[in-house]
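Below are the chains, spelled out letter by letter.
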Amino acid sequence: MKKAAGKTKINPDAGKINQVLAKYKGNKGALIPALQEVQVALGFLSQDSLRAISQGLAIPLSQIYGVATFYTQFRLKPIGQHLVRVCHGTACHVGGAEKVSAAIEAGLGVRDGETTADGKFTVESVACLGCCSLAPVMMVDNDTFGRLTPESAIKAVKEY
Amino acid sequence: MKKATSKTLPKKKAVKKPAAPDYRIVVGLGSCGIAAGGHKVKAALMENLKKAKLNLQVSDTGCVGMCYSEVLLDVHDKHGQVYTYGNMTPDRMPRFVDEHLAKGQPVADWLVKASDRALPDDSFYAKQKRIVLRNCGQMDPEKIEDYMAHGGYQALGKALKKMTQDEVIKEVLDSGLRGRGGAGFPTGRKWQFARGSKGDKKYIVCNGDEGDPGAFMDRSVLEGDPHNVLEGMLIAGYAIGADEGYFYVRAEYPLAVERIKMAIEQAKKRGFLGKNIMGTKFSFEMKIKEGAGAFVCGEETALMASIEGQRGMPRLRPPFPAVSGLWGKPTNINNVETFANVPWIILNGAAAFASLGTEKSKGSKVFALAGKIARGGLVEVPMGITINEIIHEVGGGIKDGRTFKAVQMGGPSGGCIPAALGNTIVDYDSVGQTGAIMGSGGMVVMDDTTCMVDIARFFLDFTQKESCGKCTFCRVGTKRMLEILERITKGQGREGDIELLLELAEKIKISSLCGLGQTAPNPVLTTVKYFRQEYEAHIRDKQCPAHSCKELLKYEIIPEKCIGCTACARVCPVTSISGQVKKPHVIDQETCIKCGNCVAKCKFDAIKVR
Ligand SMILES: Cc1cc2nc3c(=O)[nH]c(=O)nc-3n(C[C@H](O)[C@H](O)[C@H](O)COP(=O)(O)O)c2cc1C
Ligand code: FES
């Protein structure tokens with residue numbers, strides 16, 4: 001809907017955040033699911049969103065920050081269009097994950113945890129995607145790729 | 001359809017329902033099947049079926065265990081024969097549809113298992129005993145009717161209607177079932193404690209955090225047979241007097257989460273969840289919580305803190321969860337696989353379960369076989385089997401015909417068992433004696449190209465990052481151990497480093513609050529115990545016997561073999577290779593970064609790695 005905004009300029013994310021908060025208000029143990037849903041909606045947890053959650057759930061901001069920085073799932077910075085997660089679990093490590101990562105990082109010109117300059121990919125190493133018998137494994141967004149070689153890995157990524 | 005005239009058709013047929021399908025085809029769509037391209041295979045199959053007019057039914061299933069030959073596809077024919085095809089690709093679909101489905105001739109080359117013939121891969125199943133995995137790969141996990149057709153929810157009915165709470169607990173106690181999450185605490189005893197705790201509100205928690213990198217048992221069970229776990233939790237809930245349960249599942253397992261949600265909805269509709277279950281006084285609510293990526297949240301007190309919405313930091317026990325758990329209420333927490341054993345035990349009796357296994361470890365155990373093993377996948381074997389049997393018979397030996405060096409059991413809390421101890425039996429105490437632990441079931445197999453110092457470094461890197469930071473020795477001590485291991489693998493190890501590692505290991509073990517720190521040194525302790533000479537080679541001779549640690553490798557050109565084609569020099573990213581065309585080249589050791597590009601490029605086997 002392209003209706004003219006009201007008198008004050010509204011944060012475009014506020015609607016999404018409020019939706020999540022309405023669902024969790026008053027529930028016990030709501031913080032982590034609320035953070036998870038806001039992150040799905042916004043792609044990351046912005047400072048504004050953390051403040052809104054703090055007010056909405058009546059939890060001190062410091063505590064929310066503590067939780068958001070404790071769990072690796074939460075990101076406080078935006079990521080690229082596609083998230084490439086290269087597994088560095090035991091099976092993948094033994095199966096040559098290091099070379100897969102090296103090929104992807106060289107192919108995209110970024111290092112672990114970074115986003116490409118065009119904002120298309122963020123590369124991250126993770127600790128086991130649960131497909132260990134197909135090691136080495138990576139996920140691009142929600143698609144899993146197994147039995148990778150350095151060549152097949154970068155090829156698969158570039159197809160996105 | 002042509003209308004049948006009364007003349008051509010015998011009377012009976014006119015009243016008959018549609019004929020049973022000639023074939024039932026089942027595509028393996030667990031995470032591993034999907035990763036190997038399961039959806040593409042299924043799409044190609046459907047496409048090919050459009051053309052062929054056949055009377056058949058296509059459905060999905062979870063992981064069957066033969067992950068090494070995904071994508072798997074089962075064909076059930078009307079004579080009761082079952083054929084399993086392995087390594088299926090979209091390209092294989094036309095021939096498969098034409099030969100097997102249209103002409104009735106199974107494509108023998110692609111079969112990995114069949115009920116009418118012997119095949120080499122039969123040894124994968126010969127020594128397995130499937131209790132937890134009994135339905136995995138045998139039914140559609142998204143259909144409660146399938147689960148019920150396989151005896152699902154009968155154990156719950158039996159427990160609720162024919163057994164008292166104490167009788168249920170006694171059955172589990174007598175079965176000898178021990179926790180499958182790692183520590184192996186007797187499940188019946190845990191339930192007794194929770195039942196004995198006073199309180200109007202009690203909880204059941206299912207630990208599906210599965211943080212051990214290299215393990216995927218719980219994922220496969222949750223994806224392949226979610227109702228079985230749910231039923232186990234309900235029985236536990238009845239036994240201890242709880243009315244609310246939580247599934248705690250890793251965030252990295254979206255398919256498992258989806259299937260559990262589905263299972264919960266279906267169970268509610270059928271009256272297996274909610275108020276007055278199966279017409280009894282027992283009521284139960286189920287919730288699902290997704291983890292947020294923290295290994296330490298697998299530890300029970302941290303897990304509960306995480307459900308409560310806090311940082312997942314372990315706390316001191318006692319009080320144990322059975323006394324004061326979730327929101328301070330008595331809570332019983334078990335692993336996914338532990339719960340998955342319960343319905344079978346209730347239906348078949350404690351004695352049947354206890355007849356399997358060893359004196360102190362009863363029943364079967366699911367293992368995730370991965371690493372340098374020929375047949376990586378999910379297996380369930382009776383306790384008491386030897387490690388050699390699992391690796392060489394079930395697992396088909398080492399990949400590419402290399403030599404078995406060690407197997408890592410128990411993940412970051414466990415250790416490496418050397419090939420020489422391959423006759424160790426799988427039982428909590430025997431595995432414990434090697435310095436490793438039974439753990440949750442991860443088995444990562446290593447061959448002669450795996451460096452044991454590097455493996456120790458790998459695990460310390462993991463635990464150091466995952467330490468929650470509460471205990472100083474766990475937080476700082478693991479960091480110091482990691483630094484030492486890093487310098488050893490880089491060729492900067494010093495005399496006395498091994499002793500320093502051992503000293504730190506001891507201190508960290510005794511001064512950490514939770515299992516993470518208490519067991520973090522195990523990978524180092526076991527590798528030093530069994531592979532000390534490898535540490536010494538790194539430290540004294542600056543050599544990596546497995547040729548794995550990059551900084552210690554030396555690339556050299558063998559002049560007799562080099563024909564001077566310049567291929568290597570062209571791929572060297574740091575121009576360390578020089579020489580004239582058609583003359584042997586040389587590598588400058590000072591500038592070489594050991595990337596390995598030259599070896600991969602050389603067609604004449606002229607580059608030696610030391
Ligand atoms: C660091 C750490 C991680 C753990 N991770 C898991 C896990 O991923 N899954 C699990 O079931 N138990 C895990 N445990 C064990 C649990 O604390 C607990 O013992 C277990 O869930 C009890 O269930 P069980 O008796 O059925 O084995 C972990 C323990 C520690 C110390
Ligand atoms: S170790 Fe990579 S998927 Fe498990």
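All values reported here derive from a predicted model rather than from experimental measurement.

Caption draft 1: Looking closely at the overall build of chain B. Regarding its fold elements, chain B presents 24 helices and 18 strands. Against the globule reference of 25 Å for 610 residues, chain B gives a C-alpha radius of gyration of 28 Å, in line with a compact fold. The C-alpha extent of chain B, read off along each of the three principal axes, is 90 × 70 × 40 Å. A separation threshold of at least 6 residues defines the contact pool for chain B, and within that pool the share at least 24 residues apart is 70%. For chain B, the exposed area adds up to about 25400 Å²; of that, 52% sits on carbon and sulfur atoms.

Caption draft 2: Inspection of the overall build of chain A at higher detail. What chain A contains, in helices and strands, is seven helices and four strands. Ordered by position in the sequence, the α and β elements of chain A form the string α-α-α-α-β-α-α-β-β-β-α. With the C-alpha coordinates of chain A rotated into their principal frame, the extents come out at 55 × 35 × 25 Å. Across chain A, contacts joining residues at least 24 apart in sequence account for 57% of those joining residues at least 6 apart. Carbon and sulfur atoms make up 53% of the accessible area of chain A, which totals about 8400 Å². The positive charge centre, built from 18 side chains, and the negative charge centre, built from 13, are 10 Å apart in chain A.

Caption draft 3: Unusual backbone geometry, seen in detail. A cis amide bond, omega -10 degrees, links A135(A) with the succeeding residue P136(A). Tracing the backbone through its elements, the reader meets P136(A) in the loop between β2 (121–126) and β3 (138–140). Between E70(B) and the following residue, V71(B), the backbone shows a cis peptide bond with an omega angle of 5 degrees. With respect to the secondary-structure elements, V71(B) resides in the loop between β2 (56–61) and β3 (73–77). Of note, the phi angle at A58(A) is positive, near 55 degrees, even though the residue is not glycine. With respect to the secondary-structure elements, A58(A) resides in the loop between α3 (47–57) and α4 (61–70). Among the residues examined, A58(A) registers a relative accessible area of 68% and is labelled exposed.

Caption draft 4: Highlighting the confidence of the model for chain A. Summarising the model, chain A shows a mean pLDDT of 90, and 92% of its residues fall at 70 or more. Across residues 1–8 of chain A the pLDDT falls below 50, and counting only partners more than four positions away or on other chains, this stretch makes zero contacts in the model.

Caption draft 5: Focus on the site of ligand 1. Residue and element names in this part refer to chain B. Around ligand 1, 18 residues are found, and the nearest of them are G181, K190, N334, N335 and T338. The separation between an oxygen atom of ligand 1 and a polar main-chain atom of G211 is 3.2 Å. In this structure, N334 approaches ligand 1 through a side-chain N or O atom, which is 2.9 Å from an oxygen atom. Within the complex, the protein chains bury 89% of what would otherwise be the 620 Å² of accessible surface of ligand 1. Judged by the proximity of its atoms to the pocket grid, ligand 1 belongs to the second largest pocket.

Caption draft 6: Structural detail: the nonpolar core. Ranked by internal contacts, the top residues of the largest apolar core, which has 82 residues, are W191(B), L230(B) and F247(B). No other element matches the nine residues that helix α11 (residues 226–240) of chain B contributes to this core. With near-sequence residues (within four places) excluded, W191(B) lies in contact with V168(B), I169(B), V172(B), A236(B), A239(B), I240(B), N332(B), N334(B), F339(B) and V342(B). Core analysis: the second largest hydrophobic core is formed by 42 residues, V38(A), I53(A), I64(A) and Y71(A) among them.

Caption draft 7: View of the packing of helix α6 (residues 97–108) of chain A against helix α7 (residues 150–158) of chain A. Residue and element names in this part refer to chain A. The geometry of α6 relative to α7 is characterised by a closest axis approach of 8 Å and an angle of 45 degrees between their N-to-C directions. Overall, the two elements α6 and α7 adopt an arrangement that is oblique. The chirality of how α6 crosses α7 is right-handed. On α7, the residues touching K99, V100, A103, I104, G107 and L108 of α6 are P150, A153, I154, V157 and K158. Tallied by class, residues from the contact of α6 with α7 come to eight nonpolar, one polar and two charged.

Caption draft 8: Layout of the domain arrangement of chain B. Residues and elements named next belong to chain B. Split into domains, chain B comes out as domain 1 (23–121), domain 2 (144–354), domain 3 (364–447), domain 4 (452–541) and domain 5 (554–609). When each unit is reduced to the centre of its C-alpha atoms, the spacing between domain 1 and domain 3 is 30 Å. In this assembly, seven residues from domain 1 lie in contact with five residues from domain 3. Carbon and sulfur atoms supply 54% of the area buried between domain 1 and domain 3, which totals about 420 Å² over both sides. For the domain 1 face of the interface with domain 3, the top three residues by lost area are G65, Y68 and D121, together amounting to 72%. Put simply, domain 1 and domain 3 have one salt bridge between them. Summed over the shared surface of domain 1 and domain 3, the number is three residue pairs in polar contact (both at pLDDT 80 or more). Looking at side-chain class alone, the side of domain 1 that touches domain 3 contains five nonpolar, one polar and one charged residues.

Caption draft 9: Region of interest: the sheet that holds strand β6 (residues 203–208) of chain B. Residues and elements named next belong to chain B. Reading across the sheet, the four strands line up as β8-β7-β6-β9 and stay open at both edges, with parallel pairing between neighbours. What marks the edges here is a single partner per strand, and that holds for β8 (285–290) and β9 (331–335). For this sheet, the mean inter-axis angle between neighbouring strands, taken without regard to orientation, is 20 degrees. Bridge count for β6 against strand β7 (residues 244–249) is six bridges, and the pairing is parallel. In the sheet register, V205 faces β7, and the bridge partner there is Y246.

Caption draft 10: Seen up close, the side chain of T450(B). Tracing the backbone shows T450(B) in the loop between β14 (442–447) and α18 (452–466). Dropping the residues within four chain positions of it, T450(B) is found in contact with V94(A), K372(B), K405(B), I455(B), E534(B) and A546(B).

Caption draft 11: How the structure looks around helix α12 (residues 254–269) of chain B. Residue and element names in this part refer to chain B. The terminal C-alpha atoms of α12 lie 23 Å apart, and with 16 residues this matches the ideal 22 Å at 1.5 Å per residue to within 8%. By the burial criterion, the buried members of α12 are L255, A256, V257, R259, I260, A263, I264, Q266 and A267. Residues of α12 that are buried in the fold lie against α2 (31–35), α6 (144–149), α10 (217–224), α11, β7 and β8. Once α12 finishes, G271 follows within two positions and takes phi at roughly 80 degrees, a positive value.

Caption draft 12: A look at the pattern of salt bridges. All names here are of chain B. All told, the structure shown has 43 salt bridges over all chains when counted by the stated rule. Ionic pairing is found between D140 and K143, a salt bridge with its closest N-O pair at 3.2 Å. Accessibility expressed as a relative area gives 38% for K143, which makes it partly exposed. The partner of E536 in a salt bridge is R532, and the shortest N-O contact between them spans 3.4 Å. With E536 and R532 both in helix α22 (residues 522–540), this residue pair falls four residues apart, about one helical turn.

Calculation rules
Residues numbered from 1 in each chain as written. Chains lettered and ligands numbered in written order. Predicted model: local features only at pLDDT ≥ 70, side-chain atom pairs only at ≥ 80, totals over all residues. Heavy atoms only, no water. Helix = DSSP H or I, 4+ residues; strand = E, 2+ residues; numbered from the N terminus. Rg over C-alpha atoms; globule rule 2.2 N^0.38 Å. Contact = heavy atoms within 4.5 Å. Areas by Shrake-Rupley, 256 points an atom, 1.4 Å probe, with all protein chains shown as cover. Lys, Arg positive; Asp, Glu negative; His and termini not counted. Charge placed at Lys NZ, Arg CZ, Asp CG, Glu CD. Buried < 20%, exposed > 50% of the residue type's maximum accessible area, 1.4 Å probe, protein only. pLDDT = per-residue confidence, 0-100. Near = heavy atom within 4 Å. Polar contact = N/O pair within 3.5 Å; in protein donor to acceptor, adjacent residues only side chain to side chain. 1 Å grid on protein atoms, 1.4 Å probe; cavity = no way out; pocket = protein on both sides within 12 Å on 5 of 7 lines; lining within 4 Å. Sits in = over half its atoms within 2 Å of the grid points. Core = buried A, V, L, I, M, F, W, Y, C linked by side-chain atoms within 4.5 Å. Axes fitted to C-alpha atoms, helices over the stretch in contact; angles between N-to-C directions. Parallel < 35°, antiparallel > 145°, perpendicular 65-115°, else oblique. Left-handed = near helix turned anticlockwise from the far one by under 90°. Nonpolar A, V, L, I, M, F, W, Y, C, P; charged D, E, K, R; others polar. Domains from an automatic or database assignment. Buried area = accessible area lost by both parts, 1.4 Å probe. Salt bridge = Lys/Arg side-chain N within 4 Å of Asp/Glu carboxyl O. Pairing = 2+ DSSP bridges. Expected span 1.5 Å × (residues − 1).

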